[in-house]
Amino acid sequence: MKQRTLTLIFVLMTMFAAYPAHSCTGCIAVETDLKLNICAEYKGIPYSFGMNYAPDSGGFYWKADIASFRQLESATKNCIHVEDDLALKICCAAYQGVNYSFTLNYSPRTDGHYWKADVSTFSRALNRPAVPQIGANFVRFYWSENPESVGLNTSTPYYQPDEIFRRFADLGVHTYRQFVKADLLWNVVEPKDNQWNWEAADIVIPNPNFEPIVTLMAMQYSSGTPPWAVKTDKFQKHVGTEARDYITTVVRRYAPYIKYWELGNEMDHWRALDESTIPASADKLPASLPSDGFSPQEQGMFLAEVAAIIRENDPDAVIVLPGMGGLDDYLTDTWLPGVIKGGGRDWFDIVNYHYYPGWEPYTILRPKFQAALERLGIADKAVWMTETGTTSDPTLTLRTNYPNSPQEQAADVFRRIIQAYGFGDSMAIWHCYLSSEGADNDWREYGLISAQAEIKPSYYAFRLLTQELIPFKQVERLSSNAKGINAYRVTTAAGQVRYVVWGKGSYTIPEGITKRVSVVPNADGSYTWQTAKAGETLTLTTTPVVLK
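In short, a report on the structure. Computed from a predicted model, the values in this text were never measured in an experiment.

1. Topic: the sheet that holds strand 18 (residues 485-492)
Here's step 1: In space, the six strands of this open sheet follow the order 17-18-19-24-21-22, with antiparallel pairing throughout. For this open sheet the edge positions go to strand 17 (472-479) and strand 22 (530-531), each flanked by a neighbour on one side alone.
Here's step 2: Pairing geometry for strand 21 (residues 515-518) and strand 24 (residues 545-547), over three bridges, is antiparallel. Each residue of the ladder has a partner; that of V517, found in strand 24, is V546.
Here's step 3: Its contacts with the sheet put helix 9 (residues 406-422) on strand 17, strand 18, strand 19 (497-503) and strand 24, and the angle it makes with strand 17 is roughly 100°.

2. Looking at the side chain of E266
Here's step 1: Among the secondary structure elements, E266 is positioned in the loop between strand 12 (260-262) and helix 6 (296-313).
Here's step 2: Buried within the structure, E266 lacks any salt-bridge partner; R177 is the closest side chain of opposite charge, at an N-O distance of 6.5 Å.
Here's step 3: When near neighbours in sequence (up to four residues on either side) are disregarded, E266 contacts Q220, G323, G325, H354 and E387.

3. What about the side chain of D412?
Here's step 1: Tracing the backbone shows D412 in helix 9.
Here's step 2: The exposure class assigned to D412 is buried, which follows from its relative accessible area of 0%.
Here's step 3: A distance of 2.3 Å separates polar atoms of two side chains, one belonging to D412 and the other to T390.
Here's step 4: Of note is the side chain of D412, whose polar atom sits 2.9 Å from the side chain of R415.

4. Considerations on the nonpolar core
Here's step 1: One finds L184, W261 and F414 to be the most contacted residues of the largest nonpolar core, which totals 115 residues.
Here's step 2: When sequence neighbours within four positions are dropped, the list of residues in contact with F414 reads Q419, A461, L464, L465, L469, V500, V519, P544 and V546.
Here's step 3: In this structure, L34, A40, I80 and F122 belong to the second largest nonpolar core, which totals 25 residues.

5. As for the pattern of salt bridges
Here's step 1: The tally for this structure, following the rule as stated, stands at 24 salt bridges.
Here's step 2: Taking the shortest distance from any N to any O, the salt bridge between E211 and R128 comes out at 3.3 Å. Of this pair, E211 sits in strand 11 (residues 211-215) while R128 is found in the loop between strand 8 (114-124) and strand 9 (134-137), placing the two residues 83 residues apart along the sequence.
Here's step 3: One connected set of salt bridges, linked through shared partners, spans E408, D412, R415 and R416.

6. A look at the state of the cysteines
Here's step 1: Going through the model one piece at a time under the given rule, you end up with one disulfide.
Here's step 2: Across a sulfur-sulfur distance of 2.0 Å, C39 and C79 are joined as a disulfide pair. On the S-S bond that ties C39 to C79, the torsion sits near -75°, and the link is left-handed. One end of the pair, C39, is in strand 2 (residues 36-42); the other, C79, is in the loop between strand 4 (61-71) and strand 5 (80-82), with 40 residues separating them in the sequence. Residue C39 shares its accessibility class with C79, and that shared class is buried.

7. Some points on unusual backbone geometry
Here's step 1: Each neighbour pair has its own omega, and for H431 with C432 the value is 5°, a cis peptide bond.
Here's step 2: Looking at the element boundaries, C432 is found in the loop between strand 16 (427-431) and helix 10 (457-469).
Here's step 3: In this model, I470 is joined to P471 through a cis peptide bond whose omega is -5°.
Here's step 4: Within the fold, P471 resides in the loop between helix 10 and strand 17.

8. A closer look at helix 10
One turn of the α-helix equals 3.6 residues, which is why residues spaced by three or four share an orientation.
Here's step 1: For helix 10, which comprises 13 residues, the first-to-last C-alpha distance of 18 Å matches the rise-based estimate of 18 Å (1.5 Å per residue) to within 8%.
Here's step 2: For helix 10, the buried fraction is high: ten of the 13 residues fall into the buried class.
Here's step 3: For helix 10, the complete set of buried residues consists of S458, Y459, Y460, A461, F462, L464, L465, T466, E468 and L469.

Each value, and the rule that gives it
- Residues numbered from 1 in each chain as written.
- Predicted model: local features only at pLDDT ≥ 70, side-chain atom pairs only at ≥ 80, totals over all residues.
- Heavy atoms only, no water.
- Pairing = 2+ DSSP bridges.
- Helix = DSSP H or I, 4+ residues; strand = E, 2+ residues; numbered from the N terminus.
- Contact = heavy atoms within 4.5 Å.
- Axes fitted to C-alpha atoms, helices over the stretch in contact; angles between N-to-C directions.
- Buried < 20%, exposed > 50% of the residue type's maximum accessible area, 1.4 Å probe, protein only.
- Lys, Arg positive; Asp, Glu negative; His and termini not counted.
- Salt bridge = Lys/Arg side-chain N within 4 Å of Asp/Glu carboxyl O.
- Polar contact = N/O pair within 3.5 Å; in protein donor to acceptor, adjacent residues only side chain to side chain.
- Core = buried A, V, L, I, M, F, W, Y, C linked by side-chain atoms within 4.5 Å.
- Disulfide = S-S within 2.5 Å.
- Expected span 1.5 Å × (residues − 1).

The following block contains the structure:
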């Protein structure tokens, strides 16, 4: 008996489910005897009964305790809906702090009513936010700063999944995106035809607590062209045999753990080949290039093909538009309309954009973007800002020059993220988690943590934001003015009301407010809340203040 129990526990911990569990509203508590207390609703009538673990050489069985069988007046929150086959699809069984899902198939015997576990359905149940609202971008799992290195860096502590996920829990991160060595980019998981590499993804993606947003195809120049193609005549504007195999394989393998599929990223970079537009950067162009370019309309046709294959293999998939590389006129007036003309509006569920200039122009550019969404008939879709951020390095002035500093970076955590919510975005993702370094790197020190893994003021600001404001029910934009008052009222999911204010001028503290704090932390990372009184006048600066 003890050996069979240990074997079952091993199966519970190691098996992957073929499909994810859905609509799970409560967990069954399981003790060391593995007894299950079941609520089963059959033909609209709820019943309860106990099931005793009764394994034998034929498999893992549970036997119904008939003496405990009774009809209930109403179903409990963890009641299982049962069809005529009497299978018990248990979407959550909590055992020693871990949640599992599995199916028990009815297998009656002459000595009683038994159910046998279908071991192919065992999986660790996910414990992720139902609606992710905040995340971290460009996460360096197993990273190596040496460009010549091959394989995974499993020795540097701050590049290891356990340490990164520990920090995510501390920060209040819901989701993560662009995790490179552990992502599902084509050149990462299938660098050569039918030579698959799942080592990092298999460790990172199944984490039950944080929602991955995977990037398919390529980081910028997505197409149906396999990574091993190096000649122009091999470029594929449509999904061919190789691309279909890649997409189908990764979706079938990871659908139990992935809800959100982003089809490439910043595909507007393809305009580097279009002489009729102001060219984008031609850095990192793939080896195989289309001789006649790859227009937004052609991209739209390709993306719709990819989305259809994903949904064939994962009907519950949520498709994310490739992140638009900004809010400039080319993206809103040329690229996005062209993609929709080529592929239609229905293939994607979430609009996705990036924003890196200063917080001030956003007050003008985001409303213009909203107007474009309305013109294109997609204003009803959810909008995510999946990349935004500021460097803490005062010598890097390419995108912002406040002047930049660790303190301004901390302030920008609130200015950028709260603005996004206030203009209607349901998700905001900070770029990035861990900084890159080097005097010639124009993305240096964008992280919440330095390149040497030192905590920065922005880390504490991010944590303050998630502790006080996330999850939110509503963020109301009371005032948005780059040259004046910026005020946002946040109602949390728990019903608490907070305000975030900054800018120029003064602000009258609302009723119900008793405390205030600057979002830039003390030197030790702590925050000192000060007394606030309704009706008092607060002199604003460009550093946001939280009122509660």
